[in-house]
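What follows is the residue order along each chain.
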Protein chains: 2
Amino acid sequence: MSILLYDLAGADPELRFSPYCWRTKMALRHKGLDFETVPWRFTEKEVLAPSGQGRVPVIVDSGRWVSDSWTIAGYLDEAYPDRPPLFPDARAKAQALFVNAWCDGVIAAARPLVMPHLYGLIAERDKAYFKESREARFGPMDGWGEGAAAAAGALVQARRPAEAVLAGLPFLSGDQPGYADYALFGTLKWPDTICPQPVLAPGSTVQAWYERMAGHYGGYAASAPTARTLAG
Amino acid sequence: MSILLYDLAGADPELRFSPYCWRTKMALRHKGLDFETVPWRFTEKEVLAPSGQGRVPVIVDSGRWVSDSWTIAGYLDEAYPDRPPLFPDARAKAQALFVNAWCDGVIAAARPLVMPHLYGLIAERDKAYFKESREARFGPMDGWGEGAAAAAGALVQARRPAEAVLAGLPFLSGDQPGYADYALFGTLKWPDTICPQPVLAPGSTVQAWYERMAGHYGGYAASAPTARTLAG
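Residues numbered from 1 in each chain as written. Chains lettered and ligands numbered in written order. Predicted model: local features only at pLDDT ≥ 70, side-chain atom pairs only at ≥ 80, totals over all residues. Heavy atoms only, no water.

Caption draft 1: The arrangement of the relation of the copies chain A and chain B in detail. After a rotation of 180° and a shift along the axis of 0.0 Å, chain A superposes on chain B with an RMSD of 0.0 Å. Here the symmetry operator amounts to a two-fold rotation axis. When the interface residues of chain A are mapped onto chain B, 100% of them again lie at the interface, so the same face is used by both copies. (Least-squares fit on C-alpha atoms with pLDDT ≥ 70 in both. Contact = heavy atoms within 4.5 Å.)

Caption draft 2: Geometry of the environment of Cys103 of chain A. Residue and element names in this part refer to chain A. Position of Cys103 relative to the elements: it lies in helix H3 (residues 90-118). You can call Cys103 buried: its relative accessible area is 0%. Note: C-alpha distance between Cys103 and Gly186 (83 residues apart in sequence) is 9.0 Å. Ignoring anything within four residues of it in the chain, the contact list for Cys103 reads Arg23, Ala183, Leu184 and Thr187. (Helix = DSSP H or I, 4+ residues; strand = E, 2+ residues; numbered from the N terminus. Buried < 20%, exposed > 50% of the residue type's maximum accessible area, 1.4 Å probe, protein only.)

Caption draft 3: Region of interest: the pattern of salt bridges. One pass over the full model with this rule turns up 18 salt bridges over all chains. For Glu44 of chain A, the salt bridge is made with Arg125 of chain A, and the minimal N-O distance between the two is 2.7 Å. Of the two residues, Glu44 of chain A sits in the loop between strand E2 (35-40) and strand E3 (58-61) while Arg125 of chain A sits in helix H4 (residues 124-138), which places them 81 residues apart along the sequence. When the shortest N-O distance is used, the salt bridge between Arg228 of chain B and Asp192 of chain B registers 2.8 Å. (Salt bridge = Lys/Arg side-chain N within 4 Å of Asp/Glu carboxyl O.)

Caption draft 4: Fine view of the sheet that holds strand E1 (residues 3-8) of chain B. All names here are of chain B. Across the sheet, which stays open at both edges, the four strands sit in the order E2-E1-E3-E4 with mixed pairing between neighbours. With partners counted over all chains shown, the strands left at the sheet margins are strand E2 (35-40) and strand E4 (64-67), one partner each. Averaged over all neighbouring strand pairs, the angle between strand axes comes to 20°, with direction disregarded. Bridge count between strand E3 (residues 58-61) and E4: four bridges; the pairing is antiparallel. The partner of Val60 across the bridge, within E4, is Trp65. Contacts between helix H2 (residues 69-79) and the sheet are confined to E1, E3 and E4, with E4 contributing the most and set at about 135° to the helix. (Pairing = 2+ DSSP bridges. Axes fitted to C-alpha atoms, helices over the stretch in contact; angles between N-to-C directions.)

Caption draft 5: Main features of the nonpolar core. Core analysis: the biggest nonpolar cluster contains 144 residues, and Leu76, Tyr179 and Trp209 of chain A together with Leu76, Tyr179 and Trp209 of chain B have the highest contact counts within it. In this structure Leu76 of chain B touches Ile3, Ala27, Leu28, Lys31, Leu33, Ile59 and Leu86 of chain B, once residues within four positions along its chain are discounted. (Core = buried A, V, L, I, M, F, W, Y, C linked by side-chain atoms within 4.5 Å.)

Caption draft 6: Spatial organisation of the interface of chain A and chain B. Contacts between the two partners involve 24 residues from chain A and, on the opposite side, 24 residues from chain B. In terms of surface lost to chain B, no three residues of chain A exceed Arg91, Gln95 and Phe98 of chain A, which account for 37% of the buried area on that side. At the boundary of chain A with chain B, the tally comes to zero salt bridges. Here chain A is connected to chain B by zero residue pairs in polar contact (both at pLDDT 80 or more). Counting residues per element, the ones that place at least two in the side of chain A that touches chain B are H3 and helix H6 (160-166) of chain A. Each residue belonging to the side of chain A that touches chain B can be placed in one class, and the counts come to 17 nonpolar, four polar and three charged. (Buried area = accessible area lost by both parts, 1.4 Å probe. Polar contact = N/O pair within 3.5 Å; in protein donor to acceptor, adjacent residues only side chain to side chain. Nonpolar A, V, L, I, M, F, W, Y, C, P; charged D, E, K, R; others polar.)

Caption draft 7: Just the sheet that holds strand E1 (residues 3-8) of chain A, in detail. Residue and element names in this part refer to chain A. The four strands lie next to each other as E2-E1-E3-E4, forming an open sheet whose pairing is mixed. Among the strands making up the open sheet, the edge pair consists of E2 and strand E4 (64-67). Along the sheet, successive strands turn relative to each other by an average axial angle of 20°, direction set aside. Packing against the sheet, helix H1 (residues 19-31) makes contact with E1, E2 and E3, and its axis sits at approximately 150° to E1. Across the sheet, helix H2 (residues 69-79) lies against E1, E3 and E4, angled at about 135° from E4, the strand it touches most.

This is the structure:
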């Protein structure tokens, strides 16, 4: 039986934009495990009740419910030790966790770029919940885009550690992609899926890596619809 | 013959504050190599001429001159493969480079905290050069401390990826310190050596790790004078 992944979706069920769900999808591809994604909306909390919380990603693997992208990655290595490891050793796991946490800071920095566009793309039934919960965290909705230009600049700054590695290596993890790559890929897949314009400068080191990642695993991520392709 | 390290010094030759030289000193301790440090001042460019550039750290190892802390680390592993590796494998090196580059961003963020105090601690003969070269990069000297409060906040934010790892592990590299630890330790040793007040909040995860690092290798870094201990 294949693994089930609850995957955050927009009004269009094919629009899958969660940076954390993308980390999990790439990790599942890395492990070579069969999985199916189920489109999930912000307000479908009751569906996730067996996981003990209300956010995705959540996987169900032969009746076991596991939530949180980082926890899921650790689970996959423990449950499937015969598959390619996400974390070959303790040092690799420690350093992937560092990159994973750094990526969460990039998500925070990118928020003004993404949030104004996101509201228009989510399901109608999610909008009241989304507005209320996000206004509680980020203030009134009409200010969500404030600082978008500064955010674009911050994002360029924030990418520097990745650029330092990618200047000399194809992947953040070296010759092959690893969890550090999936963490950053998911992070950038989020604005790339939502924003009306591509967020990565063409010809940059990170953009070339992003395309390489999108093309990996048979073009798995490259084939996922974005707001741009769905509008086109 | 032991390795020679040109190590940036203040007016007091015992005040060694360069974040990059600290990375190298900790890397040399990790390798268990004998080395001597030579106090070096900003204006002693001619001393470094054989290295082909004018900044420290520079090491001289049996007549070989090597500069740049990251390059030196790679050199040490290549030249001394029988000693404990700084980079056990390609992935470890890629991920240490990520942390190293991230630390350079922390240095930039911490600059308003350090620069106003630094000028008073460097050698008299360095002051004209230091003022001119830093004003060219950072603007007029009387503005160097602008945004110090914001910098302190940015520093706390910037430490989050480290905190994520150190919440569960003693070192950024796992059970034992590695180059990622030396990169961040050197980074924080810089404001800690220069600032009149400690920059790390007591009781924080990062502060506990910093003390652990300072105490490592027989308390090597803990025994280095700071502006506070020299003034006391």
